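# Architecture at a glance
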2 protein chains.
Amino acid sequence: MNDNAMPSTQSPVSDFAGLMARLKSSIPAHCILSKTEDTRPYECDGLSLYRTLPPVVVLPENEEQIIAVLQGCKAFNVPIVARGAGTGLSGGAMPHAQGILLGVAKLNRIKSIDLQSATAVVQPGVRNLAISEAAAAYGLYYAPDPSSQIACSIGGNVAENSGGVHCLKYGLTIHNVIRARVVTIDGAVVELGSDAPDSPGLDLLAVFIGSEGMLGIVTEVTVRLIPKPARARVIMASFASVETAGQAVTDVIAAGIIPAGLEMMDKRAVHMVEPFVKAGYDLDAAAILLCESDGTGEEVDDEITRMEAVFRKAGATRLQVSRSEQERLIFWAGRKNAFPAAGRVSPDYYCMDGTIPRRHLSRVLSAIEQMEDEYGLRCANVFHAGDGNLHPLIMFDSNLPAEVERAEKFGAAILELCVQVGGTVTGEHGVGIEKINQMCVQFTREELDAFAAVKTAFDPYGLLNPEKVIPTLARCAEYGKMHVHEGDIRFPELPRF
Amino acid sequence: MNDNAMPSTQSPVSDFAGLMARLKSSIPAHCILSKTEDTRPYECDGLSLYRTLPPVVVLPENEEQIIAVLQGCKAFNVPIVARGAGTGLSGGAMPHAQGILLGVAKLNRIKSIDLQSATAVVQPGVRNLAISEAAAAYGLYYAPDPSSQIACSIGGNVAENSGGVHCLKYGLTIHNVIRARVVTIDGAVVELGSDAPDSPGLDLLAVFIGSEGMLGIVTEVTVRLIPKPARARVIMASFASVETAGQAVTDVIAAGIIPAGLEMMDKRAVHMVEPFVKAGYDLDAAAILLCESDGTGEEVDDEITRMEAVFRKAGATRLQVSRSEQERLIFWAGRKNAFPAAGRVSPDYYCMDGTIPRRHLSRVLSAIEQMEDEYGLRCANVFHAGDGNLHPLIMFDSNLPAEVERAEKFGAAILELCVQVGGTVTGEHGVGIEKINQMCVQFTREELDAFAAVKTAFDPYGLLNPEKVIPTLARCAEYGKMHVHEGDIRFPELPRF
C-alpha cells in the first residue's frame, strides 16, 4: 500500500473482458452470475430509489477467491462493490455499472465461540441475529441490533458501523467488534485490531469499521459477546409537548442513568402505528417515550423506579411500566413496526437518518412540520432519542415522479437542517450514495481532503466502491452548497479545479 | 492533503536557520526557547532512558501560532515533535535532534462546560485532573484516570489514547473524547468527530486518538463528562496461586459484572509495596485482587455481594470489603504507589506495558520469573487484570551500563512473549521509540505498510514525530525479528529493499 505516495502507473482503461477471463480460471463457474435474471436481485440495496444493474456478480466461497477477485480487479482496473445482505439504507451496496459486485453471503460460518474471552469469530456473511442465536446456549449475545438484524450480515454491519435500539447503552458495531481480517485491493491480508483493549499503532480497525466498502473486504470478524441480562422492563411515558419529552430525555441521562433503550415517537408516528399494532399507545400525547432498563431483577426494579421519578417530575401525563415480558414486547411492537406501518398508510416512504443535539429537538420538529406544507408530503418522526438520532419517515408515491423528486428534496432539507443546528447528516445508516451531496454541507474542503487521503492510502487506484461516501470537490461545487458548521454559515473557498 | 498521491517536490534538505528566521516574525520571542538551560527540561518524557536535546522549543499561545509553526516546518522541511506535559512512558515526546519541539502547555484553558450535553471543550494543555476539578461543581467528572492524571495533559492523553485503573468500565480516551480540532502539517484546521454517536465518513477521530503525534497537532478537544457515582467500594481478595486469581478475574466478568476497576498484584509486588504504604495487604497471598464497584448505594452493595460470592467460589483465601471511603483509599494506596515503591527498593525501574489474553496469565508470569534469573534482575508485577494489561516493573541501576542493557533486553523479551501468547506490545503507554522494534514482531509487513500509508496520507513529508511508532522495513530487517502471530511463528518475507 506504499504505492499511494506515487502516481499510479496503471492504465486508466478498464479491461472487463480480461478480468472475466482471469476470474473464470480462479473462481468456480457457479460463483459467477452474469445473466440479467441472476444479477437483477443485486441491482439495489435497501435504498431502492437508486438502482444499477451490475454486469457481473461474484459470490466467492472463501478468502482465497476474494483475494483472486481483488487482485484481478486491480490488474484490470475494474471497480468493485462489496455487498453483505443488501439491507443497507443509503445505497452503499448499489452496484457500479462497469464493475464487479462482490457478495459475501456464502462466507456464512460461525468459526468459533470462546467462552473465556466471551468472543466469537465469524465470517462476514453470517447474519447478525445468527450470532446471538448461536451464543444463546451459553447465556451470551451480540449486542448491536439494527432493525434488519434477522437478515443483515455482520460484514455489512462492519461496513456501516450499524447500531440499533440498544446502542445507547451497548454501543455501535465499533464498540462490539475487536478484530477484523481484511483483504486490501492489492490482495494482501491484514489483521486490524486485537483482543487487547488498545491495539498498538494506529487504530485502523476504527477507520475500517464504517468505511462502507471503500478500504477493503472483510473476511473474518471477532465480535464481543455479552451476558444476556436476566430481566428487562420498559416504561411508556406520554408528554403533552415535544419540548417536555425532550427535556425528560436529558433529565434521565443527567440523573446518571443509561437506559438500555430510549426512543421517542411523535404524534403522527403514534397515530400511524397504533391502528396497526394496537399496543395501547396514547393517542392524546404529543410525544411518547419508550425507556428500557435491563440487568438483574433488583437493578432493573431500582432503575425503573428512578426513571419513573424523573419522568413524573418532567411532566409526564401518563406512565405505564411493563409488568411482563409479553407486555414489554407489546410496548416495543409499535416502535419496531413503525416502518411497516408507514408502508401501510403510504405507497412508499423514505427513511431519513440525521442526528441533532437533543436541545434542538423541538426546533427541528417544528421546522419539519413546516416542510410538510412546503413539499406537500407527510412525515412521521421516530427517534433514538437518547442518541439524538432522528428517523423522519417521508411518505410519498413512487409512481408519481414529482413526488419522488419532492421526497428527495424534503430529505435533503432535513439533513441540512440537522447540520445547521450542530448535528450530522447520518446517524447510523451511512452515507453511501444517498447523502453524498450533504457531505459537502457537513464538511470543509480540508476535512473532505483528509477523508480522501486516507481512502487513497488504502485504495490508491480508487477501485473500491467508487463515487460513494466522499464527494469530489467538483461534485460539491456542482451541488453548490455552502459548508455549514455548528450553526455558523461559512462561505466555501473556490474549489481547486 | 491530496498531495500524498504525488511524490514530494520539496527539497529533502532541512533549512533550520530559514525556519527560525520565519518563526521569529510570527511567534513572540518569549515563546521560543533555544538556550541549553531552557531546552534541557524537554530532552525526555517519562521514559528517561532515552534523551535528545532539542535545538529549539516552541511554546505557542494560540492556534494561529501552531499553524505558523507547522506551515514553517513544512516550508523548511524541519521535523516537529509535539509534547503535552511530558509524562508519557514510551518516549513519544522525545525530541528530534534536528527538529522543533512544540509544547502545548500554554494552551491550558477550559473553554466551556455544557451541562445539557455533559461535555467540556478544552485546550490540549489542560491537565486531565483539572477537567474533573472544574466539572465537580456540577457532579460530573472526566473518566479516564492515568496514574499521571494530576500532571498529564488532555493533548497527551489524546496522543497516547490513555487509559487508567477505571478504563475496564469507563473506557480509554477514545471512548471519552467525541471531537478534536486538529492542525495538519499543511496548516489546515480540521474537525474530527462530532457530538453524534457516529460521525459521517471515515472515523478519523479514532485514527487520530492514539496516533502519538504522527498525524497532526490537536488544538481543542470536546470530552464527555459523566455523573460522579454516589458510592464506591472495593474488595481486596487473596489467592493461593496466580492461576486461581486469574480464573477469579474471568469468573467475575463471566458473571456479567463489569467492575469499575479490577487490578492484580503478584507476591513480589505486594511485598514491595506493603512496607511502604502499610495498607494491610496479605503477605502470604501468591496474588491479590482489588475489585471495585461504583454507582448508587443499592447497586454497589448488590454488586459487591455478587463479586464476593464469585471470589469465594473461585477459592479466595481472604476477602475484605472497604467499609468507608477512607478504607477504600487505603486499599488502593498500595496499587497506586507501586511505582514509587519500586523506586524505594531499587535505584531505577523500567515499567513495561504489554497485554495478554487472561487465560495465559500464569504461563506468562512463570516465564517472567525464569527471565529474572536469565537477566539477573528482579521484576514485580502489577496488572490491569480485567483488561489483561500487564505492568511488569523491572528493577535495575542506571549507573551500571550492563544492567541498563539487561533491563532493555528483559523488557523486550517480555513484550515478545506477550505477542507469542496472542497479546500485544503495548496496552496503554503507546509505542513511541521504546517499542518500535517490537512492532516488527507484532505486525506483518502488510500491516506495517497499512500504518505507513495512513501516516503518509496525513503527513506526506514525514515531518511529524518521525522515526517513532512505525518501524521502517529496514529497521525490522536489522532487528532481525520474525513476525509472531497469535502463537504461530511466521517467517517474514524478505523486505522490499
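What you see is a predicted model; the values in this text were computed from it and never measured.

## As for the relation of the copies chain A and chain B
When chain A is fitted onto chain B, the two copies agree to an RMSD of 0.0 Å after a turn of 180° and an axial shift of 0.0 Å. Within this description, the copies of the chain are treated as partners about a two-fold rotation axis. Mapped onto chain B, 100% of the interface residues of chain A are again interface residues, and the two copies thus contact each other with one and the same surface.

## With respect to the sheet that holds strand 4 (residues 100–103) of chain B
Residues and elements named next belong to chain B. Taken together, the four strands give an open sheet; going across it, the order is 1-2-4-3, and neighbouring strands pair in mixed fashion. In the strand order of this sheet, the two ends are held by strand 1 (32–33) and strand 3 (80–83), each with one partner. Inspection of the sheet shows strand 2 (residues 56–58) paired to strand 4 by three bridges, in the parallel sense. Residue pairing in the sheet places valine 56 in a bridge with isoleucine 100 of strand 4. Packing against the sheet, helix 1 (residues 16–26) makes contact with strand 1, strand 2 and strand 4, and its axis sits at approximately 35° to strand 4. Packed onto the sheet, helix 3 (residues 63–76) meets strand 2, strand 3 and strand 4 and runs at close to 160° relative to strand 4.

## Brief notes about the packing of aromatic side chains
Residue and element names in this part refer to chain A. This model, assessed by the stated rule, comprises 10 aromatic pairs over all chains. Taking 6.4 Å as the distance between ring centres and 75° as the angle between the ring planes, the aromatic pair formed by tyrosine 141 and tyrosine 170 counts as edge-to-face. Of this pair, tyrosine 141 sits in strand 7 (residues 140–141) while tyrosine 170 sits in helix 6 (residues 167–170), and the two are 29 residues apart along the sequence. Each ring, one from phenylalanine 339 and one from tyrosine 349, has its centre 6.0 Å from the other, and the planes form 55°; the classification is tilted. In this pair, phenylalanine 339 sits in helix 13 (residues 338–345) while tyrosine 349 sits in strand 16 (residues 348–351), placing the two residues 10 residues apart along the sequence.

## Notes on the UniProt feature "domain: FAD-binding PCMH-type" (unreviewed entry) in chain A
When the UniProt feature table is mapped to this numbering, "domain: FAD-binding PCMH-type" (unreviewed entry) covers residues 50–228 of chain A. In residues 50–228 of chain A, the share of helix is 23% and the share of strand is 25%. The end C-alpha atoms are 39 Å apart.

## Here's the deal with the pattern of salt bridges
All names here are of chain B. Tallying each qualifying case throughout the model produces 54 salt bridges over all chains. Across the salt bridge formed by glutamate 43 and arginine 51, the nearest N and O atoms sit 3.1 Å from each other. By relative accessible area, glutamate 43 is classed as buried at 11%. Assessed through its relative accessible area of 49%, arginine 51 is described here as partly exposed. Between arginine 306 and aspartate 302 there is a salt bridge whose closest N-O contact spans 3.7 Å. One end of the pair, arginine 306, and the other, aspartate 302, are both in helix 11 (residues 297–313), four residues apart, so they sit about a helical turn from each other.

## Observations concerning the state of the cysteines
Cysteine pairs can be linked by a disulfide, which is a covalent bond between their two sulfur atoms. Overall, the coordinates contain two disulfides over all chains when judged by the stated rule. What pairs with cysteine 440 of chain A in a disulfide is cysteine 476 of chain A, and their sulfur atoms sit 2.0 Å apart. Where cysteine 440 of chain A bonds to cysteine 476 of chain A through sulfur, the torsion about that S-S bond is close to -85°, and the disulfide is left-handed. Here cysteine 440 of chain A, found in helix 16 (residues 436–442), pairs with cysteine 476 of chain A, found in helix 18 (residues 473–479); they are 36 residues apart in sequence, far enough to count as distant. By the burial criterion, cysteine 440 of chain A is buried, and cysteine 476 of chain A matches it. In this structure cysteine 418 of chain B is not part of a disulfide, and its nearest cysteine sulfur, from cysteine 379 of chain B, lies 11 Å away. On the accessibility criterion, cysteine 418 of chain B (1% relative accessible area) is buried.

## A look at helix 3 of chain B
Given 3.6 residues per turn, any residue in an α-helix points the same way as the ones three and four places further on. All names here are of chain B. The first and last C-alpha atoms of helix 3 sit 20 Å apart over 14 residues, in line with the 20 Å expected at 1.5 Å per residue. Taking burial as the measure, the 14 residues of helix 3 include 10 buried ones, the bulk of the element. Looking only at helix 3, the buried set comprises Glu63, Gln65, Ile66, Ile67, Ala68, Val69, Leu70, Gly72, Cys73 and Phe76. Capping the start of helix 3 is the job of one residue whose side-chain oxygen sits 3.2 Å from the backbone nitrogen of glutamate 64: asparagine 62. Residue asparagine 77 follows helix 3 closely and has a positive phi angle near 60°.

## Some remarks on the interface of chain A and chain B
At the junction of the two partners, chain A supplies 71 residues and chain B supplies 71 residues. Summed over both sides, the interface between chain A and chain B buries roughly 5,800 Å², with carbon and sulfur atoms accounting for 61% of that surface. Summed over the shared surface of chain A and chain B, the number is four salt bridges. Here glutamate 299 of chain A and arginine 306 of chain B are joined by a salt bridge, their closest N and O atoms 3.6 Å apart.

## Focus: the sheet that holds strand 4 (residues 100–103) of chain A
Residues and elements named next belong to chain A. Spatially, the four strands line up as an open sheet ordered 1-2-4-3, and their pairing is mixed. Looking at the sheet topology across the chains shown, the edges are occupied by strand 1 (32–33) and strand 3 (80–83). Pairing analysis gives two bridges linking strand 1 to strand 2 (residues 56–58), with the strands arranged antiparallel. In the strand pairing of strand 2, leucine 33 is matched with valine 57. Contacts from helix 1 (residues 16–26) reach strand 1, strand 2 and strand 4, with the element oriented near 35° to strand 4. Contacts from helix 3 (residues 63–76) reach strand 2, strand 3 and strand 4, with the element oriented near 160° to strand 4.

What counts as what
- Residues numbered from 1 in each chain as written.
- Chains lettered and ligands numbered in written order.
- Predicted model: local features only at pLDDT ≥ 70, side-chain atom pairs only at ≥ 80, totals over all residues.
- Heavy atoms only, no water.
- Least-squares fit on C-alpha atoms with pLDDT ≥ 70 in both.
- Contact = heavy atoms within 4.5 Å.
- Pairing = 2+ DSSP bridges.
- Helix = DSSP H or I, 4+ residues; strand = E, 2+ residues; numbered from the N terminus.
- Axes fitted to C-alpha atoms, helices over the stretch in contact; angles between N-to-C directions.
- Phe/Tyr/Trp six-rings, centres within 6.5 Å; stacked < 30°, edge-to-face > 60°.
- UniProt positions renumbered as here; feature names shortened; annotations may be inferred.
- Salt bridge = Lys/Arg side-chain N within 4 Å of Asp/Glu carboxyl O.
- Buried < 20%, exposed > 50% of the residue type's maximum accessible area, 1.4 Å probe, protein only.
- Disulfide = S-S within 2.5 Å.
- Expected span 1.5 Å × (residues − 1).
- Polar contact = N/O pair within 3.5 Å; in protein donor to acceptor, adjacent residues only side chain to side chain.
- Buried area = accessible area lost by both parts, 1.4 Å probe.

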